[in-house]
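What follows is the residue order along each chain.
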Amino acid sequence: MIPAVQATVDHHAIAHNVRLLAQASAPAQVIAVLKANAYGHGAVPVARTALAAGAAQIGVATLAEAFELRQGGIEAPIIAWLHAFDPDEAVAVFAEAIASGIELGVSTSSQVRAVAEAALRADQLAVVAVKVDTGLNRGGFARGEWRKAFADLANAEAAGAVQVRGVFSHLANADRPEYRTNAEQARSLREAVSFARAAGLAPELVHLANSPAVLTRPKALVNELPVFNATRPGVAVYGLSPIMGRDFGLIPAMTLTARVGLTKRIHAGDGVSYGHDFVAASDTTLALLPIGYADGLQRALAGKFEVSIGGRRYPGVGRVCMDQVLVDLGPGEPKVREGDTAVLFGPGSDGEQTADDWARAAGTINYEIVTQLRGRVQLRHIHQREPVDQLRHTHHA
Ligand SMILES: *Cc1c(COP(=O)(O)O)cnc(C)c1O
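- With an unreviewed UniProt entry as reference, the chain is termed Alanine racemase, source organism Segniliparus rotundus.
- Per UniProt, the chain carries the Cofactor (unreviewed entry) text "pyridoxal 5'-phosphate".
- Taken directly from UniProt, the Pathway (unreviewed entry) text for the chain runs: "Amino-acid biosynthesis; D-alanine biosynthesis; D-alanine from L-alanine: step 1/1."

Rendered as structure tokens:
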């Protein structure tokens, strides 16, 4: 049975994007960011493709995400940097991470203490990356904490508990390449590294750049390349532009499709779906798609999106319901049949809408469009470039 709603992930596109990011990052190495189930694309399969295409390492937010990758057989270095710190469980959780060979991003002194204790308990060296706040004012050690944090970590290194492998930070305005805070944050990270060295640490990986910084190569960051030797692109791995409207040569990897559940003739003046928000201007045919807001097609998109069926665009009409939505096939003899595949968004290469189109229509960013898919959407992975047409080979017996 073909699922009614599918997000098809093109691994050829992912590999292309990772190669492009590796070239743009060189000589720095790429830490492919696969948090949030690889931005909704499926963490384990994307990890395999990203590593094969040249990513040196994988970055995730949470330890649960890192454990999932290990359980899926991913043996490459993984760093996890966001910890919901439970004082009663932190040591045990960090011990499991250390035993699984997961590099721990640390942002607080309680995390440092728990990691050091966990390393002694696991009887294994904890590999650590120190997250420093250089101006985003979100995670990471605040500037005033740096000296003490590096001193504590140097003690933990001397005790044989931890190895500080990295120092890293995250940008606030990377989508504005020459904005002054990028240079300030780069300078600030370099200072943090010198603090670490002064404390006797020898971090081998220093990283700051996310997708927009890798792709736009702002001078402030490129000048730091002798020090900053890794990058952490996320959204660009999936082929989405981190600056919507700017083309970096990426290929969007995800195509969202739904199969037409039924078609129905209606008459001029008929209202459609809850509230009759849409009223047919003339006799027309509707197609019902079994995807709704419970699957991540936002209600806010009502009347603001179009689907492609058989290479032609049709407007979504009426409210987006929990499980379904309608499209207007127009007054003529409909060319669409039950079971046909409607493309909701994709790379755009065959005239279909893109995640960027949805983002603009819904007043959000492409990051949110792909990560919000859920419910009945099933992921499908393809490893060869497949013409979108094939996704539409739809007239089944
Ligand atoms: C999400 C995230 C990234 C990746 O950001 P993109 O804009 O998707 O490239 C990199 N670093 C950190 C710390 C993140 O949280």
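Past the structure itself, the notes keep going.
**As for the pairing of strand β5 (residues 102-106)**
In regular strands, side chains alternate between the two faces of the sheet.
Inference 1: Taken across its five residues, β5 has five buried, putting it largely inside the fold.
Inference 2: Burial along β5 is two-sided: the face carrying Ile102, Leu104 and Val106 and the face carrying Glu103 and Gly105 are both buried.
Inference 3: One ladder, built from three bridges, connects strand β4 (residues 78-80) with β5; its direction is parallel. Paired with Ala80 across the two strands is Leu104, which belongs to β5.

**As for the UniProt feature "modified residue: N6-(pyridoxal phosphate)lysine" (unreviewed entry) in the chain**
Inference 1: Those places that UniProt annotates as "modified residue: N6-(pyridoxal phosphate)lysine" (unreviewed entry) correspond, in this numbering, to Lys35.
Inference 2: Along the chain, the position of Lys35 falls in helix α2 (residues 35-40).
Inference 3: On the basis of relative accessibility, which here comes to 27%, the residue Lys35 falls in the partly exposed class.
Inference 4: Not counting chain neighbours up to four residues away, the residues in contact with Lys35 comprise Gly59, Val60, Ala61 and Glu65.

**Regarding the site of the ligand**
Inference 1: Near the ligand lie 15 residues; those nearest to it are Lys35, Tyr39, Ser211, Gly234 and Tyr367.
Inference 2: Within the contact set of the ligand, an oxygen atom lies 2.7 Å away from a side-chain nitrogen or oxygen of Lys35.
Inference 3: In isolation the ligand offers 390 Å² of accessible surface; the protein chains occlude 95% of this area.
Inference 4: Listed by contribution, the elements that provide at least two residues to the shell around the ligand are α2 and α9 (211-216).
Inference 5: Counted by class, the shell around the ligand contains seven nonpolar, four polar and four charged residues.

**A closer look at the UniProt feature "binding site: substrate" (unreviewed entry) in the chain**
Inference 1: Under the present numbering, the feature "binding site: substrate" (unreviewed entry) in UniProt falls on Arg138 and Met322. In summary, the annotated positions, distributed over 185 residues, remain apart in three dimensions as well, the widest C-alpha pair reaching 34.3 Å.
Inference 2: Mapping Arg138 onto the fold places it in the loop between β6 (126-131) and α7 (146-158).
Inference 3: According to the relative accessible area criterion, Arg138 is exposed, its value standing at 58%.
Inference 4: Every residue in contact with Arg138, bar those within four places of it in the chain, is listed here: Asp133 and His170.

**Let's talk about α7**
Inference 1: For α7, built from 13 residues, the straight-helix expectation of 18 Å at 1.5 Å per residue is met to within 8% by its first-to-last C-alpha distance of 18 Å.
Inference 2: Looking only at α7, the buried set comprises Trp146, Ala149, Phe150, Leu153, Ala154 and Ala156. Buried residues of α7 fall within an arc of 160° about the axis and therefore sit on the same side. Turned more than 90 degrees away from the buried face of α7, the exposed residues are Arg147, Lys148, Asn155 and Ala158.

**Re the sheet that holds strand β1 (residues 5-10)**
Inference 1: Read across the sheet, nine strands follow the order β11-β14-β17-β16-β15-β18-β10-β1-β19 without closing on themselves; strand pairing throughout is mixed. Two strands in the sheet have a free side with no partner beyond their single neighbour: β11 (262-266) and β19 (378-382). Between one strand axis and the next, the sheet turns by 35° as a mean value, whatever way the strands run.
Inference 2: Pairing analysis gives four bridges linking strand β10 (residues 254-259) to strand β18 (residues 341-345), with the strands arranged antiparallel. Residue pairing in the sheet places Arg259 in a bridge with Thr341 of β18.
Inference 3: Against the sheet, helix α1 (residues 11-25) contacts β1 and β19, and its axis sits at roughly 40° relative to β1.

**With respect to the domain arrangement of the chain**
Inference 1: Domain parsing of the chain yields domain 1 (11-237) and domain 2 (254-392).
Inference 2: Computed over C-alpha atoms only, the centres of domain 1 and domain 2 are separated by 38 Å.
Inference 3: Opposite the eleven residues of domain 1 that make contact, domain 2 presents eleven residues.
Inference 4: Carbon and sulfur atoms make up 66% of the surface buried where domain 1 meets domain 2, a total of about 960 Å² over both sides.
Inference 5: The largest contributions to the domain 1 side of the interface with domain 2 come from His11, His12 and His41, which together make up 50% of the buried area.
Inference 6: Our count for the contact surface shared by domain 1 and domain 2 stands at zero salt bridges.
Inference 7: For the side of domain 1 that touches domain 2, the secondary structure elements donating two or more residues are α1, α2 and α3 (43-52).
Inference 8: When residues in the side of domain 1 that touches domain 2 are grouped by element, the largest group, three residues, is from α2.

**Comments concerning the nonpolar core**
If you look at soluble globular proteins, the nonpolar side chains tend to sit buried side by side.
Inference 1: In terms of nonpolar packing, the biggest core is built from 126 residues, with Leu256, Leu289 and Leu344 touching the most fellow members.
Inference 2: Here this core takes seven residues from α1, the largest share from any one element.
Inference 3: Composition of this core by domain shows at least three residues from each of domain 1 (11-237) and domain 2 (254-392).
Inference 4: In this structure, Leu344 is in contact with Leu256, Thr257, Ala258, Leu289, Ile291, Leu297, Phe305, Glu306, Val307, Gln353 and Trp358, ignoring residues within four places of it in sequence.
Inference 5: Residues Ile266, Val272, Ala280 and Leu326 belong to the second largest nonpolar core, which totals seven residues.

The rules behind each value
Per chain, residues are indexed from 1 in the order of the written sequence. A pLDDT threshold of at least 70 governs which residues receive local features in this predicted model, and a stricter bar of 80 or more applies before side-chain atom pairs are shown or counted, although totals over entire chains, interfaces and linings include all residues. Derived side-chain values reflect all non-hydrogen atoms in the structure, with water molecules and hydrogen atoms excluded from consideration. UniProt positions are given in the numbering used here, feature names are shortened, and annotations may be inferred rather than shown by experiment. Under the scheme applied here, a residue whose accessible area is under 20% of the maximum for its type counts as buried, over 50% as exposed, and between as partly exposed, the area being computed with a 1.4 Å probe on protein chains only. Every helix listed is a DSSP run of H or I at least four residues long, and every strand listed is a run of E at least two residues long, numbered separately from the N terminus. Think of it this way: DSSP has to see at least two bridges between two strands before they count as a pair. Only heavy atoms enter the contact rule, under which two residues are in contact if any of them lie within 4.5 Å. A single heavy atom is enough: if one lies within 4 Å of a molecule or strand, its residue is considered near that molecule or strand. By the criterion applied in these results, polar contacts are pairs of N or O atoms within 3.5 Å in which, for protein atoms, one can donate a hydrogen and the other can accept it, and in which residues neighboring in sequence qualify only through two side-chain atoms. Note on areas: Shrake-Rupley with a 1.4 Å probe; residue coverage comes only from the protein chains shown. Charged residues are taken to be Asp, Glu, Lys and Arg, nonpolar residues to be Ala, Val, Leu, Ile, Met, Phe, Trp, Tyr, Cys and Pro, and polar residues to be all remaining types, Gly included. In a helix, the anticipated span is given by 1.5 Å times the number of residues less one. The directions considered for the arc run from the helix axis to the C-beta atoms. Axis lines are fitted through C-alpha atoms, for helices just across the contact stretch, and the angle between N-to-C directions can take any value from 0 to 180 degrees. An automatic or database domain assignment provides the domain bounds reported here. Note on definitions: buried area is the accessible-area loss of two parts on being combined, 1.4 Å probe, summed for both. Whenever Lys or Arg places a side-chain nitrogen within 4 Å of a carboxyl oxygen from Asp or Glu, that contact is recorded as a salt bridge. Residue types Ala, Val, Leu, Ile, Met, Phe, Trp, Tyr and Cys, when buried and joined through side-chain atoms within 4.5 Å, form a set referred to as a nonpolar core.

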